[in-house]
Amino acid sequence: MIRVLLAEDMHMIRAALTALLRLENDIEVVAEVTRGDEILPAALRVRPDVAVLDIDLPAVDGITAATTLRERLPSCRVLVLTALGRPGHVRRALSAGIEAFLVKDAPGDRLADAVRRTAAGLRVLDPELVSTAMEYGESPLTPRESTVLGQAALGASAEEIASRLHLSSGTVRNYLTTAIAKTGARNKIDAIRIAQDAGWL
């Protein structure tokens, strides 16, 4: 029996994924969580064989949680799910050594098959996603530029970002200008869109 921990913050999707997996005779969902910071405590408690993690979770994203999980519970393999095949997310997942990466709109039987293959130690990666990720390359943004642009994506003004990050407003504006140039965007909104589409934020 393959023991699965499922992390998904959207209740209907989590219920659907759990129902799909429970149809399988050799798969048992032993824990469900809704936040990234709940993954490790739950995994240490129930010791799953496979953790199926949504990439966009509150508090801690799925890839960051997967990295921590691999360090603290190496016997647990990780299958990351995403609603969008963002190239930057695929690159981050590959760099983190994640065994499997699947888009949520894949047919239902592919999820069960991916869980089995992941449990067996095989990599499960959509070739098209990997190819696209390689085309996009690494994020051109520095960690600080990504942080500033991410705050702007949440609607924060330069002054608010400066206050949160303990920077001057001028420094924040410089980071935003650099991020716009590096992404080839026309303006801040365009830079946010490009970075989000590529999975760099």
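Residues numbered from 1 in each chain as written. Predicted model: local features only at pLDDT ≥ 70, side-chain atom pairs only at ≥ 80, totals over all residues. Heavy atoms only, no water.

Trainee: Before we go on, may I ask you to explain the sheet that holds strand E1 (residues 2-7) in this structure?
Mentor: Neighbouring strands of a sheet are bound in pairs by backbone hydrogen bonds; such pairs are parallel or else antiparallel. An order of E2-E1-E3-E4-E5-E6 is seen for the 6 strands of this open sheet, with the pairing classed as parallel. Whereas interior strands pair on both sides, the edge strands pair on one side only; in this sheet they are strand E2 (27-33) and strand E6 (124-125). This element, helix H3 (residues 62-72), spans strand E3 (50-54) and strand E4 (77-82) of the sheet and lies at about 155 degrees to E3. (Pairing = 2+ DSSP bridges. Helix = DSSP H or I, 4+ residues; strand = E, 2+ residues; numbered from the N terminus. Contact = heavy atoms within 4.5 Å. Axes fitted to C-alpha atoms, helices over the stretch in contact; angles between N-to-C directions.)

Trainee: Would you mind going over the pairing of E2 with me for this structure?
Mentor: Looking down a regular strand, the side chains alternate between one sheet face and the other. Here E1 pairs with E2 via 6 bridges, running parallel. What sits directly across from Leu6, in E2, is Glu32. Viewed along the sheet, the connection from E1 through helix H1 (residues 11-22) into E2 turns out right-handed. (Right-handed = clockwise from strand over helix to strand, strands pointing away.)

Trainee: What's the story with the nonpolar core in this structure? I'm lost.
Mentor: Inside soluble globular proteins, nonpolar side chains tend to come together where they are buried. Grouped together as the largest cluster of nonpolar side chains are 25 residues, with contacts concentrated most on Leu5, Ala7, Ile39, Leu53, Leu69, Val78 and Ile98. With 5 residues, the top contributor of residues to this core is helix H2 (residues 39-46). Counting 20 residues, the second largest nonpolar core, distinct from the first, contains Ala158, Ala162, Val172 and Ala191. (Core = buried A, V, L, I, M, F, W, Y, C linked by side-chain atoms within 4.5 Å. Buried < 20%, exposed > 50% of the residue type's maximum accessible area, 1.4 Å probe, protein only.)

Trainee: When you look at unusual backbone geometry in this model, what are you seeing that I'm missing?
Mentor: One can expect most non-glycine residues to show negative phi and most peptide bonds to be in trans. Positive phi outside glycine occurs at Ala59, with the angle close to 75 degrees. The topology assignment puts Ala59 in the loop between E3 and H3. Of note in the backbone geometry, His166 takes a positive phi value of approximately 60 degrees without being a glycine. Structurally, His166 is set in the loop between helix H8 (158-165) and helix H9 (169-183). Relative accessible area serves as the criterion here: at 72%, His166 is assigned to the exposed category.

Trainee: Explain the pattern of salt bridges to me, please; I cannot follow it from the model alone.
Mentor: Side chains carrying opposite charge are able to pair once their charged atoms draw close together. Applying the stated criterion across every chain yields a total of 9 salt bridges. Residue Arg186 pairs with Asp190 through a salt bridge whose shortest N-O separation is 3.6 Å. Assessed through its relative accessible area of 68%, Arg186 is described here as exposed. Where salt bridges share partners, they join Arg14, Arg22 and Glu32 into one cluster. (Salt bridge = Lys/Arg side-chain N within 4 Å of Asp/Glu carboxyl O.)

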